[in-house]
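In case you want the letters, here they are:
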Amino acid sequence: MPGIGAPPSSERASSSMYKLEIDLKRGNNLAVRDRGGSSDPYVKFKLSGKEVFRSKTIHKNLNPVWDEKTTIILDCLSDPLYVKVFDYDFGLQDDFMGSAYLYMESLEQQRCIPVTLVLKDPQYPDQDLGSLDLSVTLTPKDSPVEERRDSTSTQQSLRLSELHRKSQLWRGIVSIALIEGRSLIPMDPNGLSDPYVKFRLGHQKYRSKTVPKTLSPQWREQFDLHLFEETGGLLEITVWDRDTGRRDDFIGRCQLDLSTLSKEHTHHLDLPLEESRGFVVLLVTLTASSHVSIADLSVTPLDDPQERREILKRYGALKSFSNFRDVGIVQVKVMRAEGLMAADVTGKSDPFCVLELNNDRLQTHTVYKNLNPEWNKVFTFNVKDIHSVMEVTVFDEDRDRSADFLGKISIPLLSICNGEQKSYVLKNKELTAPTKGVIHLEIDVIYNTVKAAIKTIVPAEQKYIEEEPKVSKQLLQQNFNRVKRCIMVLISYGTYINSCFEWESAQRSIISFVMFVLVVWNFELYMLPLALLLLLVWNYLFSRDTPDTEIAFGPAACKIKTMEAMFDWEDVEEDKEDKESEHKGFMNKLYAIQDVFFSVQNALDEVASNGERIKNTVNWTVPFLSWLAIAALLSAVVLLYLVPLRYLVLIWGVNKFTKKLRDPYMIDNNELLDFLSRVPSDVQVMHYRELRVDPGQSPSKRRRPIQS
């Protein structure tokens, strides 16, 4: 079609609204990007630097047939539609396959026009990259033809913001249990591999842990992904061999068409790897979508008395033993922000707000050129774990690059006071210091206490893709100091006990001696949990006002207590220079040193965190968890008092020995460690603390928030 591949010499610009209907048909003789002499192409449409459509991926085909349709609303015809084709590479950066422009001003209106776009690479303009076939129909929004079309679908919104809102809402959940791998091929010189698995469903990704030195790895991991398509979608699975200091080796891949699986039923699947040998064993369950929504402030679910009564009934005491995955519901009203950081050269920002609850993610629309945006949106999430943390992050939208960070806060669900509108000071990415700006939220949480307690002793949901650890001298020093602090507490207790033996205080030594004789003479095993129970009760009655490391959690503690900083946070920028010119031998040694560094750093963090979590349980940092500990200890006291110890040990041993026989695919867990994982460490307590700003200062002059 003449005029499609080049801008028109002269054409009247229009300020009217237009609707562009595109039918993406096929590609012809596309470029080869994979080693097998083929490609996995998909197409992106961009308008004014923003992505407005992405096609599905057609695997191993240089002449793909898409037959996909989309509709785009145009404010004007002067901006061309930028069409780009990529080769999809899971786990790697997708390869560019060519691009072309579609100039709207050259299109004849109100008629379906076939278009062939010749793909080019701007860096290699003479290279033949194939072409795309599509048909387009450009219609003015106020034309008679358009009015006739809209008369049959008056309720359908074609605005980009509405399409964006709908694209965020998932229609179902796919629960995946990664059990094991069988007969994988060896990739290392020792005849073994260090395998891990990557999953991808649409834009969602998950990476499993690495199991070292085996060809039959046992992963035993469970995670959930969202289903955005009614038909299910294509789950892509790749297996990799972890290599330190160089690129990981590809072992094999397989795909699972979720549309072939029945819903509300667990499927046991042995999936053979393509381009390799071996199997991956999965348990897959498709379930209906949990309650998730985005609405305006005028349509607030919990503000409707009838709907609120239904929700309270759904999470009432009578529903405590049904659907344990559905613990509760959280509703977040995102009103506005004030005094945000200026991220653009114009002294303004284009802010939008992202809300994350574990792996559930929703976001507001963008308010352009504004440092005091008003969103006035209501977001509803299902709560699968009451110990989850709501993360609210404000970004600045950029057309041609990733969004700029403006600020972030983390709010534990158990610290929320229902119906209270609060102003939160934004923090930096590490949540260790304030940044510029305040965000106004109102949050309500409704949950079932019994379900929440049961979920406490099962493994917590992990993030899909965790950030790679970084070498940090500051973090290593901080973790060392935390371990040292825990050890010093134990030493102080030991010194105190030793002082009783040394008779430094006659009165204290006499009392200790009498207590020792009485306890040893009358000791029974049930007294151990009873002593811990009394310690918790003592701290509840007499020591809850200590401000050292406490932050309030739960409805009974709506006022955040004053805290003093426990760590000296330093704004130290880590060295990120990549010296590609270094010899491989030196780089391999450096990577090996980094691995040791990471191991020591993580081990110190694990030891310190567990010590701090035990202390915070006793100190009633999270009352819900301390009450749960009291209930567990009280049960232990009663059992040990009434049931002989040998019977309890026998029941425990029989359960352990027969667990694998009763359920071969059970994912093992440690209830005590799962409980402790829900208790925040001192570092997390610092991350969650709220900062209060002096109300007498204007947003633009706020510098140093006050701890509250």
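The structure presented is a predicted model; accordingly, all values stated were derived computationally and were not measured.

> Hey, could you run me through the overall build of the protein in this one?
Scanning the protein from terminus to terminus reveals 12 helices and 27 strands. Classification of the 708 residues of the protein by burial places 44% in the buried group. Long-range pairs, those at least 24 residues apart, make up 67% of the contacts in the protein with a sequence separation of at least 6. Within the structure as shown, the protein displays about 38,700 Å² of accessible surface, and the carbon and sulfur contribution to it stands at 56%.

> Looking at this structure, how should I read the pattern of salt bridges?
Pairing is possible between side chains of opposite charge, provided their charged atoms come close. Considering all chains together, one arrives at 18 salt bridges under this definition. When the shortest N-O distance is used, the salt bridge between aspartate 385 and arginine 678 registers 2.9 Å. Placement of aspartate 385 in the loop between strand 21 (374-383) and strand 22 (389-396) and of arginine 678 in helix 11 (residues 671-678) is noted, with a sequence separation of 293 residues between them. A salt bridge links lysine 615 to aspartate 682, with the nearest nitrogen and oxygen atoms 2.8 Å apart. Of the two residues, lysine 615 sits in helix 8 (residues 584-618) while aspartate 682 sits in helix 12 (residues 682-688), which places them 67 residues apart along the sequence. When its relative accessible area of 29% is taken as the criterion, lysine 615 is described as partly exposed. The exposure class assigned to aspartate 682 is buried, which follows from its relative accessible area of 2%. The network of salt bridges with common partners includes Asp224, Arg325, Lys384 and Glu461.

> Please clarify how the nonpolar core should be interpreted in this entry.
Within soluble globular proteins, side chains that are nonpolar generally end up buried alongside one another. One finds Val330, Val334, Leu355, Met390, Leu413, Ile439 and Leu441 to be the most contacted residues of the largest nonpolar core, which totals 49 residues. Top element by residues in this core is helix 9 (residues 623-642). It accounts for five residues. For this core, the domains that each give at least three residues are domain 3 (300-456) and domain 4 (524-544 + 594-692). Sequence-distant contacts of valine 334, that is, excluding residues within four places in its chain, are made with Cys353, Leu355, Thr364, Trp375, Asn376, Lys377, Phe379, Ile439, His440 and Leu441. One finds Leu24, Ala31, Val85 and Ala100 within the second-largest nonpolar core, a separate group that totals 32 residues.

> In this structure, what is going on with the packing of helix 7 (residues 527-542) against helix 9? I would like to understand it.
The relative placement of two packed helices comes down to the angle between their axes together with the axis-to-axis distance. Orientation of helix 7 relative to helix 9, taken along the N-to-C sense of each, is 150°, at an axis distance of 8 Å. One way to sum up the angle between helix 7 and helix 9 is to call them roughly antiparallel. Crossing geometry of helix 7 relative to helix 9 is assigned as left-handed. In this structure, helix 7 uses Pro529, Leu530, Leu532, Leu533, Leu536, Val537 and Tyr540 to contact helix 9, whose residues at the interface are Ser626, Trp627, Ala629, Ile630, Leu633, Leu634, Ala636, Val637 and Leu640. Along the lines of polarity and charge, the residues of the contact of helix 7 with helix 9 split into 15 nonpolar, one polar and no charged.

> What am I meant to see in the sheet that holds strand 14 (residues 249-257) here?
Paired through backbone hydrogen bonds, the strands of a sheet run either parallel or antiparallel to each other. Judged by pairing direction, the sheet is antiparallel, and its four strands sit side by side in the order 11-10-13-14 without closing on themselves. Strands at the two margins of the open sheet, each flanked by one partner only, are strand 11 (204-207) and strand 14. Along the sheet, successive strands turn relative to each other by an average axial angle of 15°, direction set aside. Pairing of strand 10 (residues 195-201) with strand 11, which is carried by four bridges, proceeds in the antiparallel orientation. Bridge assignment links phenylalanine 199 to a residue of strand 11, and that residue is tyrosine 206.

> What is the right way to look at the packing of aromatic side chains in this model?
Here the distance between the centres and the angle between the planes together describe a pair of aromatic rings. Summed over all chains, the structure comprises 18 aromatic pairs. Note on tryptophan 240 and phenylalanine 250: the rings are 5.4 Å apart at their centroids and 75° apart in plane angle, and the pair reads as edge-to-face. Here tryptophan 240, found in strand 13 (residues 234-241), pairs with phenylalanine 250, found in strand 14; they are 10 residues apart in sequence, far enough to count as distant. Here tryptophan 620 and tryptophan 627 contribute two aromatic rings whose centre-to-centre distance is 5.0 Å and whose plane-to-plane angle is 80°, an arrangement assigned as edge-to-face. One aromatic cluster is present, formed by Tyr42, Phe86 and Phe96 through successive ring pairs. When the ring centre of tyrosine 647 is taken as origin, the NZ or CZ atom of arginine 646, which lies over that ring, is 5.3 Å away.

> For this particular structure, what's the right way to read unusual backbone geometry?
With the exception of glycine, most residues fall at negative phi, and the peptide bonds are largely trans. Its identity as a non-glycine residue notwithstanding, asparagine 29 has a phi of 50°, on the positive side. Summarising the element assignment, asparagine 29 is placed in the loop between strand 1 (18-28) and strand 2 (41-47). Looking at asparagine 29, the relative accessible area reads 58%, which means it is exposed.

> Teacher, can you tell me more about the UniProt feature "transmembrane region" (unreviewed entry) in the protein here?
In the UniProt entry, the feature "transmembrane region" (unreviewed entry) is given for residues 513-538 and 624-652. End C-alpha to end C-alpha, residues 513-538 measures 22 Å, and it is 81% helix and 0% strand. End C-alpha atoms of residues 624-652 are separated by 27 Å, and the span's content is 93% helix alongside 0% strand.

> How should I be thinking about the sheet that holds strand 7 (residues 112-118) in this particular structure?
What the four strands build is an open sheet, ordered 4-1-8-7; its pairing is antiparallel. Among the strands making up the open sheet, the edge pair consists of strand 4 (65-74) and strand 7. The average undirected angle you get between the axes of adjacent strands in this sheet is 25°.

> When you look at the pairing of strand 1 in this model, what are you seeing that I'm missing?
On a regular strand, each side chain points to the face opposite its neighbour's, so the side chains alternate between the two faces of the sheet. Alignment of strand 1 against strand 8 (residues 131-140), held across 10 bridges, turns out to be antiparallel. Along strand 8, the bridge assignment pairs leucine 20 with leucine 138. Two strands pair when backbone bridges link them, and strand 1 and strand 4 are joined in this way by eight bridges, in the antiparallel orientation. Directly across from tyrosine 18, in strand 4, lies its bridge partner leucine 74.

> How do you make sense of the packing of helix 5 (residues 473-501) against helix 6 (residues 506-521) when you look at a structure like this?
Where helix 5 contacts helix 6, the axes come no closer than 8 Å and their chain directions differ by 95°. In terms of axis orientation, helix 5 runs roughly perpendicular to helix 6. Every residue of helix 6 that contacts helix 5 at Tyr496, Ser499 and Cys500 is listed here: Arg508, Ser509 and Ser512. Taken together, the residues of the contact of helix 5 with helix 6 break down into two nonpolar, three polar and one charged.

Conventions and cut-offs
Residues numbered from 1 in each chain as written. Predicted model: local features only at pLDDT ≥ 70, side-chain atom pairs only at ≥ 80, totals over all residues. Heavy atoms only, no water. Helix = DSSP H or I, 4+ residues; strand = E, 2+ residues; numbered from the N terminus. Buried < 20%, exposed > 50% of the residue type's maximum accessible area, 1.4 Å probe, protein only. Contact = heavy atoms within 4.5 Å. Areas by Shrake-Rupley, 256 points an atom, 1.4 Å probe, with all protein chains shown as cover. Salt bridge = Lys/Arg side-chain N within 4 Å of Asp/Glu carboxyl O. Core = buried A, V, L, I, M, F, W, Y, C linked by side-chain atoms within 4.5 Å. Domains from an automatic or database assignment. Axes fitted to C-alpha atoms, helices over the stretch in contact; angles between N-to-C directions. Parallel < 35°, antiparallel > 145°, perpendicular 65-115°, else oblique. Left-handed = near helix turned anticlockwise from the far one by under 90°. Nonpolar A, V, L, I, M, F, W, Y, C, P; charged D, E, K, R; others polar. Pairing = 2+ DSSP bridges. Phe/Tyr/Trp six-rings, centres within 6.5 Å; stacked < 30°, edge-to-face > 60°. Lys NZ or Arg CZ within 6 Å of the ring centre and 35° of its normal. UniProt positions renumbered as here; feature names shortened; annotations may be inferred.

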